[in-house]
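Analysis of the macromolecular model
The lines below spell out each chain.
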Amino acid sequence: MSFSVELVRLLLFCVQQFGIVLAVGAQTVMLISFLIATRDGVVDQKEERFSHALLFALKLGLISIVASGILITLLHLSLGEYGVVETPAFLFKWLLIGIIVAVTYRIARSPFAHFFWEGILGAHWYALFVLHVLAPLTTWVDLLILYGLWSVGFILAWVSLVYSMRAKKERLPAPHGKDIAPEPTPIIKKESPLPTPPAAAPKKSEPVVPEKPHALPPPPLPAVVA
């Protein structure tokens, strides 16, 4: 019986590890993709398709975490391990998962809707990852203080990074303190050279017909003397 329980624990732990790694990795790539899309201020079709693929990975990881977490909780309760379920770290982990589920549902239809929600998701996914790996034996007060400091610090850093990555249009200084946008550089089209007319085919040389010699005038007759 103990072997079967330990095997079930191991399988559930592997499923939860898979979900954590998949979701945190997808969220990291999502944040980087958001910064790249923010540089030009336009999300093209390729970036949008890529964001939906990342969102699918996030949902798959989240489903794995929730499903394995529910089974692990039921396993603890069935074995009478109430002390594990009642620890602040265990309960706070479920609180983070609930926030992530709510925010993911909020931006499910438009992944790049607003940078604030992306920052919220990033802060909570990384907090869940650290809490899952360390699983500290601490109090609710310490967890809430660390959670508040981490969330505020991460979101402030994220917002600063987003604004610094936005595309800045170059402006030219004007004498009256106003900025004048630079005139667009004209596009110079390279004119194609005129087609060279084909060389005329050499004419065939006609045979030279020798001219007939002109007839010489008859010699003058001698004068007759009377």
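Residues numbered from 1 in each chain as written. Predicted model: local features only at pLDDT ≥ 70, side-chain atom pairs only at ≥ 80, totals over all residues. Heavy atoms only, no water.

Moving on, we come to a nonpolar patch on the surface. A cluster of nonpolar side chains, namely Ile 70, Leu 71, Leu 74, Leu 77 and Tyr 82, defines an oily patch on the protein surface of about 460 Å² accessible area. Tallying contributions element by element places helix H2 (residues 45-78) first for the nonpolar patch, with 4 residues. Mapped onto the secondary structure, Leu 77 falls in helix H2. On the basis of relative accessibility, which here comes to 33%, the residue Leu 77 falls in the partly exposed class. (Patch = residues over 30% accessible without salt bridge, like charges linked within 9 Å, V, L, I, M, F, W, Y side chains within 5 Å. Areas by Shrake-Rupley, 256 points an atom, 1.4 Å probe, with all protein chains shown as cover. Salt bridge = Lys/Arg side-chain N within 4 Å of Asp/Glu carboxyl O. Helix = DSSP H or I, 4+ residues; strand = E, 2+ residues; numbered from the N terminus. Buried < 20%, exposed > 50% of the residue type's maximum accessible area, 1.4 Å probe, protein only.)

This part covers helix H5 (residues 115-134). The end-to-end C-alpha distance of H5 is 29 Å, a good match for the 28 Å that 20 residues give at a rise of 1.5 Å each. For H5, a buried count of 14 out of 20 residues is recorded, marking the element as mostly surrounded by other parts of the structure. In the stretch just after H5, Ala 135 is the one whose phi turns positive, near 45 degrees. (Expected span 1.5 Å × (residues − 1).)

On to the packing of aromatic side chains, then. In the structure shown here, the tally under the stated rule is 7 aromatic pairs. Taking the centre distance of 5.7 Å and the plane angle of 75 degrees together, the rings of Phe 115 and Tyr 163 count as edge-to-face. Placement of Phe 115 in helix H5 and of Tyr 163 in helix H6 (residues 140-165) is noted, with a sequence separation of 48 residues between them. Residue Phe 115 is classed as buried on the basis of its relative accessible area, which comes to 12%. Tyr 163 sits in the partly exposed class, given a relative accessible area of 47%. One aromatic cluster is present, formed by Phe 92, Trp 140 and Tyr 147 through successive ring pairs. (Phe/Tyr/Trp six-rings, centres within 6.5 Å; stacked < 30°, edge-to-face > 60°.)

Side chains that carry opposite charge are capable of pairing whenever their charged atoms lie near each other. Per the stated rule, a full pass over the model turns up 2 salt bridges. Salt-bridge contacts for Arg 9 lead to Glu 6; the nearest nitrogen and oxygen are separated by 3.8 Å. Residue Arg 9 and its partner Glu 6 are both found in helix H1 (residues 2-40); the two are separated by 3 residues, about one turn of the helix. Arg 9 sits in the partly exposed class, given a relative accessible area of 22%. Across the pair Glu 81 and Arg 9 runs a salt bridge, and its minimum N-O distance is 2.6 Å. With Glu 81 in the loop between H2 and helix H3 (82-85) and Arg 9 in helix H1, this pair connects stretches of sequence that are 72 residues apart. With relative accessibility at 25%, the residue Glu 81 sits in the partly exposed group.

Further remarks concern the nonpolar core. Judged by nonpolar contacts, the single largest core of 37 residues is most densely connected at Leu 58, Trp 125, Leu 128 and Trp 158. The contact partners of Leu 128, leaving out residues within four places of it in the chain, are Ile 20, Lys 93, Leu 96, Ile 97 and Ile 100. (Core = buried A, V, L, I, M, F, W, Y, C linked by side-chain atoms within 4.5 Å. Contact = heavy atoms within 4.5 Å.)

Running from N to C, H2 and helix H4 (residues 88-106) cross one another at 150 degrees; their axes reach a closest spacing of 11 Å. In terms of axis orientation, H2 runs roughly antiparallel to H4. Handedness of the H2/H4 crossing: left-handed. Along the contact surface, H2 presents Leu 55, Lys 59, Leu 62, Ile 65, Val 66, Gly 69, Ile 70, Thr 73 and His 76, while H4 presents Phe 90, Trp 94, Ile 97, Ile 100, Val 101 and Thr 104. Split by residue class, the contact of H2 with H4 holds 10 nonpolar, 4 polar and 1 charged. (Axes fitted to C-alpha atoms, helices over the stretch in contact; angles between N-to-C directions. Parallel < 35°, antiparallel > 145°, perpendicular 65-115°, else oblique. Left-handed = near helix turned anticlockwise from the far one by under 90°. Nonpolar A, V, L, I, M, F, W, Y, C, P; charged D, E, K, R; others polar.)

Now for the packing of H5 against H6. Interaxial distance between H5 and H6 falls to 9 Å at its minimum, and their mutual angle equals 140 degrees. When the axis of H5 is compared with that of H6, the two are oblique. Considering only the axes of H5 and H6, their crossing is right-handed. Listed contacts from H6 to Phe 115, Glu 118, Gly 119, Ile 120, Gly 122, Ala 123, His 124, Tyr 126, Ala 127 and Leu 131 of H5 are Leu 143, Tyr 147, Trp 150, Ser 151, Phe 154, Ile 155, Trp 158, Val 159, Val 162 and Tyr 163. A class-by-class count of the residues in the contact of H5 with H6 yields 15 nonpolar, 4 polar and 1 charged.

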